[in-house]
Structures are given as structure tokens and as C-alpha cells.
Amino acid sequence: MSSEKVYRASTTAPVNIAVVKYWGKRDAKLNLPTNSSLSVTLSQDDLRTLTTASCSASFPASEGDSLLLNGSPSDISGARTQACLRELRARRAALEAADPSLPKLSTYPLRLVSENNFPTAAGLASSAAGFAALVRAVANLYELKDTPSELSKIARQGSGSACRSLFGGYVAWRMGDKEDGTDSMADQVAEAAHWPEMRALILVVSAAKKGVSSSSGMQQTVATSGLFQQRITTVVPENMAIMENAIAERDFEKFAEVTMRDSNSFHATCADTYPPIFYMNDVSRAAIRAVEAINEKAGRTVAAYTFDAGPNAVIYYLEKDTEAVVGTFYHALQGADITGWKNESIKELKCGISLDENVAALIKGGVSRVIMTSVGEGPAPTEEFLVAEDGTPA
Ligand code: DP6
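Note that the structure is a prediction, hence the values are computed from the model and not measured. (Residues numbered from 1 in each chain as written. Predicted model: local features only at pLDDT ≥ 70, side-chain atom pairs only at ≥ 80, totals over all residues.)

Neighbouring the ligand are 15 residues, the closest being A18, Y22, S159, G160 and S161. Looking at the shell around the ligand residue by residue, the classes come out as five nonpolar, eight polar and two charged. When residues are assigned to domains, the shell around the ligand turns out to be shared by domain 1 (2-195 + 377-381) and domain 2 (198-374), each giving three or more. (Near = placed C-beta within 6 Å. Nonpolar A, V, L, I, M, F, W, Y, C, P; charged D, E, K, R; others polar. Domains from an automatic or database assignment.)

Along the polypeptide, M185 turns up in strand β11 (residues 185-190). Apart from residues lying up to four places away in sequence, M185 is in contact with S149, S152, K153, C163 and R174. (Helix = DSSP H or I, 4+ residues; strand = E, 2+ residues; numbered from the N terminus. Contact = placed C-beta atoms within 7 Å.)

Turning next to helix α1 (residues 79-98). When the terminal C-alpha atoms of α1 are compared, their 28 Å separation across 20 residues agrees well with the 28 Å that a helix rising 1.5 Å per residue should span. For α1, the full list of buried residues reads T81, C84, L85, E87, L88, R91 and R92. Buried residues of α1, seen end-on, are gathered within an arc of 160 degrees and therefore sit on one face of the element. Seen from the open side of α1, the exposed residues pointing more than 90 degrees away from its buried face are A79, A90, A94, A97 and A98. Here the buried face of α1 lies against β9 (110-116), α2 (126-141) and α3 (148-158). (Expected span 1.5 Å × (residues − 1). Buried ≥ 20, exposed ≤ 12 C-beta atoms within 10 Å, placed from the backbone. Arc of directions from axis to C-beta.)

Residue placement: P148 occurs in helix α3. A residue is classified by how many C-beta atoms lie within 10 Å of it, and P148, with 22 of them, is buried. Taking C-alpha positions, P148 is 8.1 Å from A186, a pair spaced 38 residues apart along the chain. Beyond its immediate chain neighbours, meaning those up to four positions away, P148 contacts L166 and F167.

Attention shifts here to the sheet that holds strand β10 (residues 170-174). Strand order in the open sheet made by the four strands is β2-β5-β10-β11, with antiparallel pairing throughout. Lying at the two open borders of the sheet, with one neighbouring strand each, are β2 (16-20) and β11. Put simply, the sheet's adjacent strands are angled 35 degrees from each other on average, direction ignored. Across five bridges, β10 lies against β11 in antiparallel orientation. Following the sheet pairing, A172 is matched in β11 by D187. Its contacts with the sheet put helix α5 (residues 227-248) on β2, β5 (37-41), β10 and β11, and the angle it makes with β2 is roughly 115 degrees. (Pairing = 2+ DSSP bridges. Axes fitted to C-alpha atoms, helices over the stretch in contact; angles between N-to-C directions.)

This is how it looks when you write it as C-alpha cells:
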């Protein structure tokens, strides 16, 4: 009956939010970037993907590989997912060739089942956690010995930002310069424990309609923006160096300034794209004004905003400044039906500052949910399985 055995491996993987942004591909097929980037991995207590990878000789070959995502069958025929699965299989096949006693898992269909612990509709970077979890789960299933950096080269082909979700803490994706992409991978700049006080407040801003996807948006920027050239040759290399230093020294003021400047620079290249791309809206800009007001009142930089390819604001701050940062938003949002405030003690926070009326009104009218989280750990294996021992979805 051994050929009937269902092999399973489960892992969780985190979301990451960049403080030096990846924006631009130099090779769309291999998903190689025009610049390096750096991110903070967010705690999986609040945002994570759980993925079980399973395979068995008993799964009918006609079924092929499949993915059930948040309860619904998901199309995995796309080139990116196929590239990930092909590379993982090839590595398993190499192990099997070297050791004929190993079961031929590389020849069995894969059943993948995946769930996010946060609403997909929130427009958060679910593809990063998703591809990182997929690659990590299959690598565990296949008992691959590859390091997280090696695996990051596979995840990168699923979604660029996913390569950074293979690590916890503070993570860099080095662009590399080889044509075949073998040196374009992620590494850990610092563990979460190096600077555990880092917090993130995510303001989920509802967008009227879905904007331009990052993949196509960045291609348009590369093709049409003049400003973009300066970003990749000068701005980002400088930001990477200052950011790595700021993290090493736990210098929040420097960390914050680079985070905000880099987000501004990225969105400036979007505005310089022809036709222009706008990801931020009035609510996003009100969040920027609020952060500026908070910092001004504090007399130092206690909060840093950053925006990805959508209107949500991610605000980094240190635990000690929770009152000034979270208190301000809590009070601005009071009366609005908002979920996500972490605990009751938040209600005891005195108002950090009171915001300009228009800024407060925009925030109150446009933020639909908040997520309070912190820097966190990388993927971890788990005994929670989304595929039962008999191979059916659990
Ligand atoms: C703005 O990783 O989603 O979030 O490689 O095409 O899948 P693809 O793009 P993706 O782009 C993320 C862009 C960003 C910045 C960042 O995360 O660094």
C-alpha cells in the first residue's frame, strides 16, 4: 500500500511591506528587477497564508496539479505558477536521481490547498505570502535542502515581492546582474528580534475600482518614465545603503525618512508614467498629512507612511510611540464602524493629537478597517493540515 500513501507538508508564510520599493522589471520572463528592494516582514499572527502541499501515486494523473485557494479552485496554468512548480519538481527529480531509494514524488500530481487569515478583498499583498507559502510548502514536501535564499529565486518567479516573504525580520532582495537571474535573490538583513519594537498600522482604504496591477503598472513605468531612470540609478541605491545602516543601528528617524521618501519617489515615477498611474487617493494623502502632523507635534519622527500599488496606508512606528501614532488615528476614526483595533487598552489611549478637520473627515470617511501588527518571523512548518490523510481537502 506504500504507493497509496499521501505525502503532506504544511507551512505558513508572512506578508511583507517594502520600505525601499521594487518597481520595474529588467526581464519579465525571469521576473528580474531593475533595482534592489528592502522590506519588513509582518507578524503572521495578523497576516499569513497557510498552505498544505500534498502528493500521492493514488492521485489520478488525469487530475494534474491543483490549487484550492480560500475554498475555491484556482487557476494554476499561468506561466508564473508553472515556473515555480517546474523548478521545484526539477530539484526533487535531481534528488531522486541521486538516490533511487527515494519515492518518486516528482512524478505525482500535486494537490495544494491554501488559506489566508485576512480578507483578500482588503487589497493587501496576498500574492507575496501566497507564492512564498506555495514554494516553501512544496520544498518541504519534496524535502529539498535548498536554503531560503535559493528558494527565494523560485518564489521570485511567482511574484517578485514573494522572494522577500521567505524570511522574517528585515529582508533585502538583491537585484543581481546576471542575465539568467541566478544572483537575484533575497537575504535577511536583520532578524525580527534585532529590532522587535517595530510596529505597523495598516489603514485599509476602500478603492472605488481596482487600479492597474503592479505587473503591468511597472512595465508601463519602465517604458515611459524619464524620472524612473534616476530612481533606479541614484535614488534606490542610496536608499538601500541608508536603510541597511538605519536598521543595523535601530535608527528610527533615518528608517522613517527613507521609507517615506522612497514611497514618494515610487509614486512620483507612477505619476511620471505616460499615461500616469495613480495608486493613492484623497484618503491616502490625508493619511500622509496625519503622519506629518503627528511627527510635527512629537518634535521628532515617530511615524512613517508607505504605499504600495493601491490606496492602503501602512504606517511604521515604534511600540513606545503607540499613543501618539495609534491614538491619533483611533480618535480620528471614533464613531466609524472599524474593526481591527487590537485590544481594549487602545480605548484608554489619549488622543495623540487632533487632526485638521478635513484630514480627519477624509480618514473617517475612507478607512474601512485597520490592522495593527508588528515585525514578525518567516515561514514556519505547521501540523495544521488543509489536506486530510486520505488526500481530500480537510
Ligand atoms: C509596489 O511583487 O506584486 O508592492 O513581480 O509583477 O508579481 P510582480 O509584482 P509584485 O510588485 C510589488 C510592488 C510593490 C513594491 C514592493 O513590494 O516592493
